[in-house]
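Structure assessment
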Amino acid sequence: MKSQDIRKQFLQFFESKGHLIVPSAPIVLKDDPTLMFNNSGMAQFKEFFLGNGTPKSPRIADTQKCLRVSGKHNDLEDVGFDTYHHTMFEMLGNWSFGDYFKKEAINWAWELLTEVYKIPKENLYVSVFEGNAEENVPFDQEAWDIWKTLIDEDRIILGNKKDNFWEMGDQGPCGPCSEIHVDLRTEDEKAKVSGKSLVNNDHPQVVEIWNNVFMEFNRKADGSLEKLPAQHVDTGMGFERLCMALQGKTSNYDTDVFTPLIEKVEQITGLKYTSNEVKDISEEQNKTNIAIRVIVDHVRAVAFAIADGQLPSNTGAGYVIRRILRRAIRYGFTFLNTKEPFINKLVEVLANQMGEFFPEIKSQQQLVTNVIREEEASFLRTLDQGLQLLDNVVAKTNGSEVSGAKVFELKDTFGFPEDLTDLILRERGYTYDKAEFDKELEEQKKRGRVLVERDDWAVLIDGNVETFVGYDKTENEVRISRFRKIKNDKGVLYQIVLDNTPFYPEGGGQVGDKGTLVSANETIEIIDTKKENNLILHFAKQLPENIEANFVAKVNTDLRTSTSKNHSATHLMHLALRSLLGTHVEQKGSLVNPNYLRFDFSHFSKVTDEEIRKVEDFVNARIEEQLQLVEYRNIPIQEAMAKGAMALFGEKYGDTVRMIEFGDSRELCGGIHVKNTADIWHFKIISEGAVAAGIRRIEAITGDAVKDYFAQKESDLEAIKETLKNPQDTLKAVVSLQEDNAKLKKQIEQLLKEKAKGLKGELAAKLQEINGVRFLATQVDLNAEGAKDLAYELGTLGTNLFLVLATAEDDKPMLSCYISKELVAEKNLNAGAVVRELGKYIQGGGGGQPFFATAGGKNVAGIKEALEKAVDFVK
């Protein structure tokens, strides 16, 4: 049975049981501060389990894209080494929100597996929760009794809290679970060892495929459990493992979920992957297999994350995506001998394979390919540079153990992976100080760790009573419905929920409102507003003295007005870009705050100055037309799309949406907007540049910020005119000044070249012979360009020159290193590595080619020590 059919059968089965089939939520979570990625099937339904929202149906089923690479659920380092862990995976799931419970969930799971998928009953084992006396949670007798009617009792296993009690997190809904495991071993293997003894023991062919969680409790901040007002079912079945079982394989990677990708890697590299059926493979073949598994797994995770709007970067979720991709590149580089970008070529295979059920990977195929290709090229350059740096570290190591701090520096500063360093060192007969490395790593983690402690909610008004009124009001009478204290690295804050609120919570790129809560006796400042699990949270540094008082919630209208101008201008600019550059332009990220707007979009080349002017003219023309806001509050999404509304990839939309219309601009949007485009006043682009391959970024301003911008430009022009003695034609005066300056520069360059030639003989006499190298490290009275000319002049004196020249023009220290090309080859020296090391003494850094490199810094006083240390490279 093909994987596409397995997926369809699951959904059809639960549709027949009265479940509403819903699409997968994006793999990247944008409005949940507690999670970076969707790491389980239930993540998109958290608000329903918490009682903060009402689902479209009490019964729902879907297949959810999941990513487990950070936090509590982190499978990254297992991927590749076994045959069943993945970064991205699909989780098939069925949910009941206060509807059916254990009897139906268990019976349907058994019916689907044994009657529809026809998995032999003798290959299945199930587990139930054994109970926990410490928490006063009893043995799950109900689940046991249901399973007894379906399976022999000797195939029912008692599981402890670790294996059979599922929790959303440190706090929140939780409950006992019942797992289903499948034994995929041969009959001979089953005869020798019972599958029952291998359940939950990491056996690659005795694996869990389905978990039925019965949400009965709520975990409080103090660790205690309380009964939930309603009982829920949350199930998850690993799609890849199910395919393995139904296709008669003993490895996920031997199923048609992965084989098309593996075949493409084989075609590109010329290497072969051996299936799990092949035994007694060589160590070299095992390394090849691991590398190929890493690559075909990781490309799925990275591709879907990019398609859902998360670009690789150096922070947050973007850093995790970059790390996954770099792990794949590194395995290809080390074990498949791939020195050129190739992983991007797998995206086409992935799009053809999964595009029917996940259309985003097909529509975003070109963008995903471009971004991965650029990331590959960049990291391959890093690996090449890292190898040179590692050579230098090894050359300076006394004995056979390399400094752990140096290995950490290679990883932290230059992005060179620790395990690749370890591999190369072992091949050369070296080790490294792992304890020292771990200490440095822990210090780094401490610096980046943000721990948030949350108290339980103190509920003042029962029920889901919260209402957002901010589209119509900026001020409203309110009461506090619940609150809790949180503590993080910035101190203590309070999250306050109101029965109704005019405060807009951060979302869709727009920052959250600020303002005040005012009662008869006091004023509480609201410093931010966010949304979490369908609750609008108002952040304050203190609670009111009387939390049960009546308050007036007042939004800071100055900030909101400025923000709304920027948000509406963003919509107009989006239309302008699509109209002028082409309909390939799609929003890939945005930030809207009171000061400016930032807009990331797909486009294949730099936006020219002429195109920027046309975009500005287009938007300002819409402003001058005084277009009235047309707002559709609760329009069916299909109707909105039929009207031409733009929907953004990576966003989660409901059956009904809010559509914002200004003339021809129509977008699905939950943000705050001006009532008329005339309110924007004027629009001005202040910067345009690249973010990633095929992604450009524009920053722009509106309203008062434009007035300030033009006022500053006028002030700058007046200052220039005054400096130039108020010429009649300012532009002509500046051009004349530039021409004079260019002539003087040429004269100075000529004088410096002559000075360098004069110094050549003087410095040649100072060259020292050290270990067959003619060495000199000295400071010269030249600028950086003059030092370069002098270095090349001295380079004509022979083939064994090692030269470090220091300059300090305008108190800016600069080090220049020249090494004869013959020395670079013979002694494995590298000028770039030299200046990076010596640059530390002048509080700077730099790089260049192996035979010539420069480093700039801030500390002139460090020149002396840098020059003294230079000789260490030739000793």
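Residues numbered from 1 in each chain as written. Predicted model: local features only at pLDDT ≥ 70, side-chain atom pairs only at ≥ 80, totals over all residues. Heavy atoms only, no water.

Another point: the pattern of salt bridges. Side chains bearing opposite charge may pair, as long as their charged atoms lie close to each other. Considering all chains together, one arrives at 49 salt bridges under this definition. Across the pair Asp704 and Lys707 runs a salt bridge, and its minimum N-O distance is 3.5 Å. In this pair, Asp704 and Lys707 are both assigned in helix H20 (residues 703-723), three residues apart and thus about one turn of the helix distant. The exposure class assigned to Asp704 is partly exposed, which follows from its relative accessible area of 48%. The residue Lys840 makes a salt bridge to Glu837 at a minimum N-O spacing of 3.5 Å. Here the salt bridges do not stand alone but share partners, grouping Lys102, Asp140, Glu142, Glu216 and Lys227 into one network. (Salt bridge = Lys/Arg side-chain N within 4 Å of Asp/Glu carboxyl O. Helix = DSSP H or I, 4+ residues; strand = E, 2+ residues; numbered from the N terminus. Buried < 20%, exposed > 50% of the residue type's maximum accessible area, 1.4 Å probe, protein only.)

Time to look at the sheet that holds strand E37 (residues 845-848). Spatially, E33-E34-E35-E36-E38-E37 is the arrangement adopted by the six strands of the open sheet, whose pairing is mixed. Two strands bound the open sheet, and with one partner strand each, they are strand E33 (768-770) and E37. On average, each strand axis in the sheet is inclined to that of its neighbour by 20°, with strand direction left out of account. Relative to strand E38 (residues 852-856), E37 runs antiparallel, the two being bridged by four bridges. Following the sheet pairing, Gly846 is matched in E38 by Ala855. Running at roughly 150° to strand E36 (residues 812-819), helix H24 (residues 831-838) makes contact with strand E35 (801-809), E36, E37 and E38 of the sheet. The sheet strands contacting helix H25 (residues 863-870) are strand E34 (773-779), E35 and E36, and the helix crosses E35 at an angle near 180°. (Pairing = 2+ DSSP bridges. Axes fitted to C-alpha atoms, helices over the stretch in contact; angles between N-to-C directions. Contact = heavy atoms within 4.5 Å.)

Below, the discussion takes up the sheet that holds strand E28 (residues 630-636). Reading across from one edge, E28-E29-E30 is the order of the three strands in this open sheet, with antiparallel pairing throughout. Among the strands making up the open sheet, the edge pair consists of E28 and strand E30 (665-668). In this sheet, adjacent strand axes meet at a mean angle of 25° when their direction is disregarded. As defined by bridge partners, strand E29 (residues 656-662) adjoins E30 across four bridges and the pair is classed as antiparallel. Residue pairing across strands places Ile660 opposite Glu667, the latter belonging to E30. Of the strands in this sheet, E29 and E30 touch helix H17 (residues 557-581), which is tilted by about 115° from E30.

We now examine the packing of helix H9 (residues 283-307) against helix H10 (residues 316-335). In contact at an axis separation of 9 Å, H9 and H10 are set at 150° when each is read in the N-to-C sense. In terms of orientation, H9 lies roughly antiparallel with respect to H10. In the packing of H9 onto H10, the handedness of the crossing is left-handed. Contacts from Lys287, Thr288, Ile290, Ala291, Val294, Ile295, His298, Ala301, Val302 and Ala305 of H9 reach H10 at Ile321, Ile324, Leu325, Arg327, Ala328, Tyr331, Gly332 and Phe335. (Parallel < 35°, antiparallel > 145°, perpendicular 65-115°, else oblique. Left-handed = near helix turned anticlockwise from the far one by under 90°.)

Attention shifts here to the side chain of Thr397. Its place among the elements puts Thr397 in the loop between helix H13 (365-395) and strand E12 (401-402). Engagement of the side chain of Thr397 in a polar contact is seen with the backbone oxygen of Val393, the distance being 2.8 Å. Those residues in contact with Thr397, other than ones at most four positions away along the chain, are Val402 and Tyr430. (Polar contact = N/O pair within 3.5 Å; in protein donor to acceptor, adjacent residues only side chain to side chain.)

The next thing to look at is H10. With 20 residues, H10 should reach 28 Å at 1.5 Å per residue; the first-to-last C-alpha distance of 29 Å fits that figure. Of all 20 residues in H10, 14 are buried; the element is thus mostly enclosed. Asn337 lies just past H10 and shows a positive phi near 60°. (Expected span 1.5 Å × (residues − 1).)

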